[in-house]
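# Notes for the structure review
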Amino acid sequence: MIAKKMEPYLKNNSAIRMMFEEGNRLKAKYGADKVFDFSLGNPNVPAPAEIREAIIDILKTEEPTKIHGYMSNAGFPEVRAAIAEELNERFGTKFTENNLIMTVGAGSGLNVCLKTLVDPGEEVIVFAPYFLEYGAYVRNYDGVLVEVAPDTETFQLNLTDFEAKLNEKTKAVIINNPHNPTGVVFSEETIVRLAEILKKKQKEYGHAIYLISDEPYRELAFDGAQVPFVTKYYENTMVVYSYSKSLSLPGERIGYVVIPDEVEDSADTITAATIANRISGCVNAPSLIQLAVARCARAKVDLEFYDRNRRTLYEGLTKCGFTCVKPEGAFYLWVKSPVPDEKEFVNAGKKYNILMVPGSSFACPGYVRLAYCVSYETIVNSLPEFEKLAKEYF
Ligand code: PLP
């Protein structure tokens, strides 16, 4: 018999599988080019050529025992040093290899942070809408997830409700910038205000409240939007990064956590996080891809590809009458459902072979998410179908 703790996940898993199978069924029936599948955040842009070249070169030139062997649980020191240098160059920070732990993507990085910080019963605050896995990750450590209501005017952080939700049991707060699912970039002003509240509450409660900044979409920002580097604004910050989206490497499972020296008890925290990486069963992040990303620390995916999709989809849907949040980052468009029950809207979309994810999958009903990390043709060909869908409502 499976653990009781796992039972709720089975139901949720079948909902995701049903959505996936529905997409496959429609593609088999009408042809893949006639189905407009905006459901998955799987990048459609190939990884930069440098990555493949680096992998090939590493295999030819480095010692096999090094490439495929165990290393420090935090990752290769020279890999961490190369990434620290790149961060320092960009953000004026002073990180060394000791501040970085290479992880199995952002998912694992978040688990490392939560395992390091959260005791059973302690609270972790998240802002709706949010990446639903956060709930599972917090429950992994018997933490309690506390949701802040969305600010449906701007989809910036709702700091009024945040302040009301903070209490003595709050151990950590997770933010995600640029944002999945809204495509919003939280401004410097928002981060400054968030930091002020946290500093005030730390003083009031007499203990640290940690800010975990989940940043797999950091490099995907458009129209000159600046993504604030949060360690500059709040000392007790851990940054979680991933190459899944920024270099189109989701299957390689590679990312890192930054724990600055300014974090309270930083030496113990960094050691605990390194151990958390090991005892989660990951041991260390995959070795070959660690070496490859270090060589390509300054590589970039083709941002213009996403930007063209973003502009075309946003303009197309707005023209049809839909209300969309202007996306400035990541590769998601957040659209207000024209009817209160967004699942009804998602079902109506299926008549036109349009697949969208209901906002309730991100704890924010009344909206839908479109992942525009698809081909440009899919975007262009979907617009006449969105027009037909719009005519049902406007
Ligand atoms: N955090 C957010 C907000 C995400 O959207 C995702 C993946 O979609 C992740 C974390 C997990 O990323 P990774 O593939 O690096 O584990």
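Anything mentioned here points back to the structure above.
Only a predicted model underlies this, so the values are computations on that prediction, with no experimental measurement involved. (Residues numbered from 1 in each chain as written. Predicted model: local features only at pLDDT ≥ 70, side-chain atom pairs only at ≥ 80, totals over all residues. Heavy atoms only, no water.)

### A closer look at the overall build of the protein chain
Put simply, the rule is: Runs of E in the DSSP output that reach at least two residues are strands. Runs of H or I that reach at least four are helices, and both are numbered from the N terminus. In this description the radius of gyration comes from C-alpha coordinates, and the expected globular size is given by 2.2 Å times residues to the power 0.38. The buried label goes to any residue with under 20% of its type's maximum accessible area, the exposed label to any with over 50%, and the partly exposed label to all in between, with areas taken from a 1.4 Å probe on protein chains only. Throughout, a contact is declared for two residues whenever any of their heavy atoms are within 4.5 Å. Each accessible area is a Shrake-Rupley estimate made with a 1.4 Å probe; only the visible protein chains count as cover when residues are assessed. When charges are tallied, Lys and Arg are placed among the positive residues and Asp and Glu among the negative ones, while His and the ends of the chain are skipped. For this purpose, a charge sits on NZ of Lys, CZ of Arg, CG of Asp or CD of Glu.
Tallying secondary structure elements over the protein chain gives 14 helices and 13 strands in all. Computed over the C-alpha atoms, the radius of gyration of the protein chain is 21 Å, within 12% of the 21 Å expected from 2.2 N^0.38 for a compact globule of 394 residues. Looking at the 394 residues of the protein chain, the share that counts as buried comes to 57%. If you take every contact in the protein chain between residues at least 6 apart in sequence, the share linking residues at least 24 apart comes to 74%. When the accessible surface of the protein chain is split by element, carbon and sulfur atoms take 52% of a total near 17,500 Å². Of the side chains in the protein chain, 44 bear a positive and 53 a negative charge, and the two mean positions are spaced by 5 Å.

### Considering the pairing of strand β5 (residues 170-176)
As a general feature of sheets, a regular strand has side chains that alternate between the two faces. For clarity, the threshold we go by: Two strands pair if DSSP finds at least two bridges between them. Orienting the strands away from the viewer, one traces the path from the first strand over the helix to the second; a clockwise path indicates a right-handed crossover.
Buried residues dominate β5, accounting for seven of its seven residues. With four bridges connecting them, strand β3 (residues 123-127) and β5 associate as parallel partners. For Val 126, the partnering residue across the bridge sits in β5 and is Ile 174. Sheet topology note: the β5/strand β6 (residues 210-214) ladder contains five bridges and is parallel. Looking at the pairing, Asn 176 lines up with Asp 214 of β6. Handedness of the β5-helix α8 (residues 188-205)-β6 crossover: right-handed.

### Thoughts on the layout of surface pockets
Using the following cut-off: Of the grid points, spaced at 1 Å and generated over the protein atoms alone, those admitting a 1.4 Å probe that cannot get out make up cavities, while open sets with protein on both sides within 12 Å along at least five of seven lines make up pockets; any residue with an atom within 4 Å of a point is treated as lining. Grid points are joined across faces, edges and corners, and a volume is the space filled by probe spheres set on the points. Note on residue classes: Ala, Val, Leu, Ile, Met, Phe, Trp, Tyr, Cys and Pro are nonpolar, Asp, Glu, Lys and Arg are charged, and everything else, Gly too, is polar.
Quantified by volume, the second largest pocket comes out at close to 400 Å³. Residue lining of the second largest pocket: 26 residues in total, with Arg 90, Phe 91, Arg 218, Glu 219 and Lys 300 positioned closest to the centre. Counting residues per element, the ones that place at least two in the lining of the second largest pocket are α4 (77-91) and α9 (243-246). When residues in the lining of the second largest pocket are grouped by element, the largest group, four residues, is from α4. Each residue belonging to the lining of the second largest pocket can be placed in one class, and the counts come to 18 nonpolar, two polar and six charged.

### So, the site of the ligand
Worth spelling out the cut-off: Residues are classed as near a molecule or strand on a simple rule: at least one heavy atom within 4 Å of it. Polar contact is defined as a pair of N or O atoms within 3.5 Å, subject to the rule that within protein one atom must be able to donate a hydrogen and the other to accept it, and that residues adjacent in sequence are counted only when both atoms are side-chain atoms.
Around the ligand there are 14 residues in total, and Ala 106, Asp 214, Tyr 217, Ser 242 and Arg 253 lie nearest to it. A distance of 2.9 Å separates an oxygen atom of the ligand from a polar backbone atom of Gly 107. Here an oxygen atom of the ligand sits 2.9 Å away from a polar atom, N or O, in the side chain of Lys 245. Contact with the protein chains removes 90% of the 390 Å² of surface that the ligand exposes when unbound. For the shell around the ligand, the secondary structure elements donating two or more residues are α5 (105-117) and α9. A class-by-class count of the residues in the shell around the ligand yields five nonpolar, six polar and three charged.

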